[in-house]
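Structure assessment
Here's the letter readout for the chains.
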Amino acid sequence: MKIYVLVLNACDLGGIERSSFTLVNTLKHSGYDAEIVSLHENAEIHIDANEQYRLLTGKNEIHKLWDFLKALPPDAVLISAYDRISFFLSLLRKFSKKKFMLIAHQHADYYAHRPRVRFLRKYSYRLGCDAIVCLTNQDNEYYRKWFTKVYTIPNILDVNFATGAVNEPIATRPVDFVAAGRLHEIKRFTHFLKLHDYIKSHRNITSKLFGHGEEYENLLSSSPSATEVFCGKSSDIFKDFQKSKFLIVTSERESFSMVIIEAMAAGCVVVSYDCPTGPAELIENAVNGFLIENGNLQALQEKCLELLDDAHLCEYISKNAVASSKKYYPDVVVNSWKKVFSVRS
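**Digging into empty space enclosed by the protein**
- For the structure shown, the criterion picks out one cavity of 30 Å³ or more.
- Estimated volume of the largest cavity: approximately 70 Å³.
- Looking at the largest cavity, the residues that line it are Ser19, Ser20, Thr22, Leu23, His105, His107, Pro154, Asn155, Ile156 and Trp337.
- With four residues, helix α1 (residues 15-29) is the single largest residue contributor to the lining of the largest cavity.
- A per-class count over the lining of the largest cavity returns four nonpolar, six polar and no charged.

This is the structure we're talking about:
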């Protein structure tokens, strides 16, 4: 059995791409023959030299996928990481009568897409998918309304994060507040900047925002302190998290927030808006992190100011966070994938 994980652009290295590379590496370590297959590539963002992928060629995406499918062995397993790829593969599989297994890996939350996309997803997946894998139990409930074989499997914590590294006590970490992710309006990083400005007016603090994206210029003009907070793309986000006390998550919506798990593994205290589907499935409030009413900036500011004065509570949360992250270690999550591979239409 050969496993192929298909992405739009392996060089983008957003959350989906990172998670897909981690999945492939985990499957390889478990004895599977697996590889990343990419429809596109670019030279603007360089991936790690150790990360390999197959680039499909052709005049458009459908032709690329069709040529790829023609050479597949019947025991192949395809894991599609994007709805668009899943649409095409479902239809091509139906009309080509190829015998491979197709798994739609749903990284975005169910309602992240427009109604038209959700309509196409519903009917194309019924035609050609063997299984749907989503990241949260909430999304699982949505998909089960119209599809039978739906599985909840969280993203895998990269083995580089799961090394048992010793984390510094919260009180001695040099960075107070950290945030990370693609600079997109849905991440609502303006709230992170406002949080920094508010706390800075009361305390001498350091905040860092790691990421790149289309919202950079807008964010830069939204706060006088933006230039001191922006740090660009991190070369080692785990080390950056290990130096930070609090991870702040201000997203309007999330699916499975990998950055929360990575920060927990580094012992950060995660303070997140309770946005739809994601954080509440990872964070038990006041046990391994904190949930704040979605979009309530004042409540976020007050909680963070309060936590700065409670080192004992923060240390307790930090230890619980590290323990919680172990549920997402590769050797734990891969067992759920093995169960999916054993099911075919």
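Resuming the write-up.
**Here we look at the packing of helix α10 (residues 258-265) against helix α13 (residues 311-325)**
- Interaxial distance between α10 and α13 falls to 7 Å at its minimum, and their mutual angle equals 120°. Here α10 lies oblique to α13, going by the angle between them. The two elements α10 and α13 meet at a crossing, and its hand is left-handed. Between α10 and α13, the contacting residues are Ile261, Met264 and Ala265 on the first element and Ala321, Val322, Ser324 and Ser325 on the second.
- Within the contact of α10 with α13, the residues separate by chemical class into five nonpolar, two polar and no charged.

**Concerning unusual backbone geometry**
- Positive phi, normally seen in glycine, also occurs at Lys97, with a value near 60°.
- Tracing the backbone shows Lys97 in the loop between α3 (83-96) and β5 (101-106).
- Of note in this structure, Arg188 is not a glycine but carries a positive phi near 55°.
- Locating Arg188 in the fold gives a position in the loop between β8 (175-180) and α6 (189-200).
- Given a relative accessible area of 15%, Arg188 falls into the buried group.

Conventions we followed
Per-chain numbering applies: the sequence of each chain, read as written, is numbered from 1 onward. Only residues with pLDDT of at least 70 are given local features in this predicted model, and only at 80 or more are side-chain atom pairs given and counted; all residues enter the totals for whole chains, interfaces and linings. The side-chain numbers reported here are obtained from all heavy atoms of the structure, hydrogens and water having been left aside. A pocket, in this scheme, is an open set of points on a 1 Å grid over the protein atoms alone with protein on both sides within 12 Å along at least 5 of 7 lines, while a cavity is a set where a 1.4 Å probe fits but cannot get out; residues line either one if an atom lies within 4 Å of a point. Grid points are joined across faces, edges and corners, and a volume is the space filled by probe spheres set on the points. Only DSSP runs of H or I reaching four residues or more are called helices, and only runs of E reaching two or more are called strands; each is numbered from the N terminus. Each residue gets one label: Ala, Val, Leu, Ile, Met, Phe, Trp, Tyr, Cys and Pro are nonpolar, Asp, Glu, Lys and Arg are charged, and the others, such as Gly, are polar. Axis definition: a line fitted to C-alpha atoms, limited for helices to the stretch in contact. Angles are taken between N-to-C directions and run from 0 to 180 degrees. When describing relative orientation, an angle under 35 degrees is termed roughly parallel and one over 145 degrees roughly antiparallel, while 65 to 115 degrees is termed roughly perpendicular and anything else oblique. Crossing handedness follows the turn of the near helix against the far one: under a right angle anticlockwise gives a left-handed crossing, and clockwise gives a right-handed one. Any two residues having at least one pair of non-hydrogen atoms within 4.5 Å are treated as being in contact. Residue exposure (1.4 Å probe, protein chains only): buried if accessible area is under 20% of the type maximum, exposed if over 50%, otherwise partly exposed.

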